[in-house]
Every structure is written in structure tokens, then in C-alpha cells.
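Residue-level structural notes
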Amino acid sequence: MEPLISVIVPVYKVEKSLRRCIDSLIGQTYQQLQIILVDDGSPDRCGEICDIYSHKDKRVTAIHQRNCGLSAARNTGIQHAQGQYYAFVDSDDYVAPDFISFLYTLMCEHDADIASCGAVNVEISGKQTVVDKDRSVHVMDSHEALERMCYNDGFYVTTWDKLYKAQLFEGIRFPEGKLFEDTGTTYKLVDKASKIVACCEPKYYYMISPDSITTSAFTMAKLDYVEMADNMAAYIMEKYPDLRAAAQRKQMHACFSTLCQLTNSSYRNKEVERNLIARIRALRPSAMADPRTPKRDRAAIICLMFGYHFFSFAWQVYFRVKKG
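The notes below deal with the structure included here.

Conventions used here
Residues numbered from 1 in each chain as written. Predicted model: local features only at pLDDT ≥ 70, side-chain atom pairs only at ≥ 80, totals over all residues. Heavy atoms only, no water. Helix = DSSP H or I, 4+ residues; strand = E, 2+ residues; numbered from the N terminus. Contact = heavy atoms within 4.5 Å. Polar contact = N/O pair within 3.5 Å; in protein donor to acceptor, adjacent residues only side chain to side chain. Buried < 20%, exposed > 50% of the residue type's maximum accessible area, 1.4 Å probe, protein only. Lys, Arg positive; Asp, Glu negative; His and termini not counted. Salt bridge = Lys/Arg side-chain N within 4 Å of Asp/Glu carboxyl O. Expected span 1.5 Å × (residues − 1). Arc of directions from axis to C-beta. Axes fitted to C-alpha atoms, helices over the stretch in contact; angles between N-to-C directions. Left-handed = near helix turned anticlockwise from the far one by under 90°. Nonpolar A, V, L, I, M, F, W, Y, C, P; charged D, E, K, R; others polar. Parallel < 35°, antiparallel > 145°, perpendicular 65-115°, else oblique. Phe/Tyr/Trp six-rings, centres within 6.5 Å; stacked < 30°, edge-to-face > 60°.

1. A closer look at the environment of Gln28
As for its placement among the helices and strands, Gln28 is situated in the loop between helix H1 (18-26) and strand S2 (33-40). Along the primary structure Gln28 and Cys200 are separated by 172 residues, whereas in three dimensions their C-alpha atoms are 19 Å apart. Look past the residues within four positions of Gln28 in its chain and what remains in contact with it is Leu33, Val95, Ala96, Pro97, Asp98, Phe99 and Ile100. In this structure the side chain of Gln28 is engaged in a polar contact, spanning 3.2 Å, whose partner is the backbone nitrogen of Phe99.

2. Quick notes on the side chain of Asp93
Turning to its location among the elements, Asp93 is positioned in the loop between strand S4 (85-88) and strand S5 (94-95). With no salt bridge to any partner, buried Asp93 finds its closest opposite charge in Arg20, at an N-O distance of 6.3 Å. Once you skip the residues sitting within four places of it in the chain, Asp93 turns out to touch Cys21, Tyr204, Tyr205, Tyr206 and Met207.

3. Side note on helix H7 (residues 224-239)
Here H7 spans 23 Å end to end across 16 residues, near enough to the 22 Å set by a 1.5 Å rise per residue. When we look at burial in H7, the residues that qualify are Asp224, Tyr225, Val226, Met228, Ala229, Met232, Ala233, Ile236 and Met237. Check the buried side of H7 and you find it contacts helix H5 (142-151), helix H6 (186-192), helix H8 (244-263) and helix H9 (270-289).

4. Notes on helix H2 (residues 46-56)
Within H2, the full set of buried residues consists of Cys46, Gly47, Ile49, Cys50, Tyr53 and Ser54. Viewed along the axis of H2, the buried residues span an arc of 160°, placing them on a single side of the element. In H2, the exposed positions angled more than 90 degrees off the buried face are occupied by His55 and Lys56. Turning to H2, the residues buried within the fold contact strand S1 (5-11), H1, S2 and strand S3 (60-65).

5. Some thoughts on the packing of H5 against H8
Running from amino to carboxyl end, H5 crosses H8 at an angle of 35°, the nearest separation of the two axes being 8 Å. Relative to H8, H5 is oriented so that their crossing is left-handed. Contacts from Glu147, Cys150 and Tyr151 of H5 reach H8 at Ala245, Ala246, Ala247, Arg249 and Lys250. A per-class count over the contact of H5 with H8 returns five nonpolar, no polar and three charged.

6. What to know about the packing of H8 against H9
Close contact between H8 and H9 brings their axes to 9 Å; oriented N to C, the two are set at 150°. With respect to H9, the element H8 is oriented roughly antiparallel. In terms of crossing hand, the pair formed by H8 and H9 is left-handed. Here Ala245, Gln248, Gln251, Met252, Cys255, Phe256, Thr258, Leu259 and Leu262 of H8 lie close against H9, whose contacting residues are Val272, Glu273, Leu276, Ile277, Arg279, Ile280, Leu283, Arg284, Ser286 and Ala287. Partitioned by chemical class, the residues of the contact of H8 with H9 number 12 nonpolar, four polar and three charged.

7. Some details on the packing of aromatic side chains
Counted according to the given criterion, the structure contains 16 aromatic pairs. Plain terms: the ring middles of Tyr30 and Tyr104 are 5.4 Å apart, the flat faces sit at 65° to each other, and that makes the pair edge-to-face. Here Tyr30, found in the loop between H1 and S2, pairs with Tyr104, found in helix H4 (residues 99-109); they are 74 residues apart in sequence, far enough to count as distant. With centroids separated by 5.6 Å and ring planes inclined at 75°, the aromatic side chains of Tyr85 and Tyr104 adopt a geometry described as edge-to-face. Residue Tyr85 is located in strand S4, and its partner Tyr104 is located in helix H4; the two are separated by 19 residues in the primary sequence.

Following this line, the structure appears as C-alpha cells:
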């Protein structure tokens, strides 16, 4: 008999897209599922929709709690999970019919503790972009997987594109009250794993919305990304000193990502700008000496050498061209 797999879905203010998400899970080719819908105090009809599905399908459990944030909702789901394996799906996203079976088969074939798949970015307009076109299967130990995560090289910090053995979560939970909780958690799970397998066959559909963490207006809470990346880098450098350059690349990415969000804001926060630029300058020698530093990082470093205004202008041009 197939083992039970628990799929944890945090739910908040996604009334228009929630049914699509749940339907994609109910319709999985892998049927032995426990689908845990955690209504995180959503002020719309999400809680009601969760209850409707729990009455229609015995595999669906609806849990209601006061609003505590994404991490707390995931942690609540883990507390109620009964499966031998865990998967996480965000409630505004949806998955391919063989999302679970693909990951479970991949995990079994390679006797892995974590399996990951590829994703498709879906814009409001309906435009879809495959994140990674490599379809090769990569079998890794935690050392290689952490290195790939730092460089965004076919294996990522995202929680939702993976299947995990449940025991990996013993002693590990998502950081409550923080944004970018994936960056603060996934590396710990990866380091506990003996073997990880990744294949970027696209099975997860990630919705790009104007109010997502990465696309919404800058707030001071966005600095959580820098904090989470610093924690991740410190952990990696202490345990794997040879991955120092990779860990610093993750820090660089967090600083640049946050600085780019500032350039998209309607106001300037000069203190934050100065701090981020100082961090980037300190990391610059390591990044420029590292042959694995992506070309985009190198270009951003060079642009910033000409000053914040030039960097901001170059980023705006790049952003418009990329967006098409």
C-alpha cells in the first residue's frame, strides 16, 4: 500500500484562487493524501471554502486559527500531519496532476530524503515562464545541495517545490513572525538529509501577483530576507568552510534583491540604502573572484560602482526589458 503523504496548505485571503489550488490537489494521480488546509484567520470566504472541501473529501482536513502568518500556518499543519512524507503548497498556486507522484517516484528511485521538481511562473495576464529548462536528474549530498541553493543552480530554497521525509522536521519549524521563511528553514532540512534528488521537470505553478512578498512595495519587514540569508550563510560557513564563497553569494543576492525593491519604491530610505550598499561593497571582492558568480550579479556590482542613481536607472531598464 502506498504511504500517506501530508500536503500542507496555508490559506489567507485567496478566495478567488483557493478552489483551483484545492482541486489540483484532490485531482492528484497519487491518491493516498492527507490535505491539510490551515485557514490562518482569513477575513474572506476562505474558511468556508475549506470547510466545504473537508465535507466533500475525507482526505481534506480544515483547521481554523487566528491570523499568525505563513510560518505559523505551516507549523500548525505540521502538528496535524500524519504522513510519512510532507509537501507544501501555497494556496494561490496550483500543481500538475502528477506533482506528488513525480516527486515520490523520484525519491524512491534514488532512495532520497528530499526530492524537488521544477516550477512555472504564472503572471496575472496568463503568461507562463518555465523557471529552469534543465531536465537532468541531479542526485546530491547535502554539501552539493547547499552549494546549488546558494547559486540558484537548479535547486532552490523554496519550500513548495519539494517532497520531504517527515522525520527531517523533528526539531525544525518555520520562523514565525518573519518573511522569507523558506530561506530561514530549507537549508536546515537539506543539511539533515543524507541524499537529495532534483529534476526541474515543471510540476508546480507559481502565481506572480502584485502583492506577493517579492513584488509588493518595500517595507522594513523585507529586510528579513537579509537576516535569513545571513543566518543561512553563517550556518553553512561554520559547517562547510569550503562553501564560504557560495554562502557569501547568497548574502549578496539578498542584499541586491532588497536594494532592487527599494529602487521600485515610491520613497527612498537612505539609511537602508547605505547599509545595503556597504554590505555589497564588503562582499564585492569575494563575488568578483568567484567564477560561479552569475553574470547578472557581476553586472549589478559594476553598475553600483558608478553610484546608487546609476544602479537604480540600470535596474529599472533591466526590469522593463525582462518584463517585456
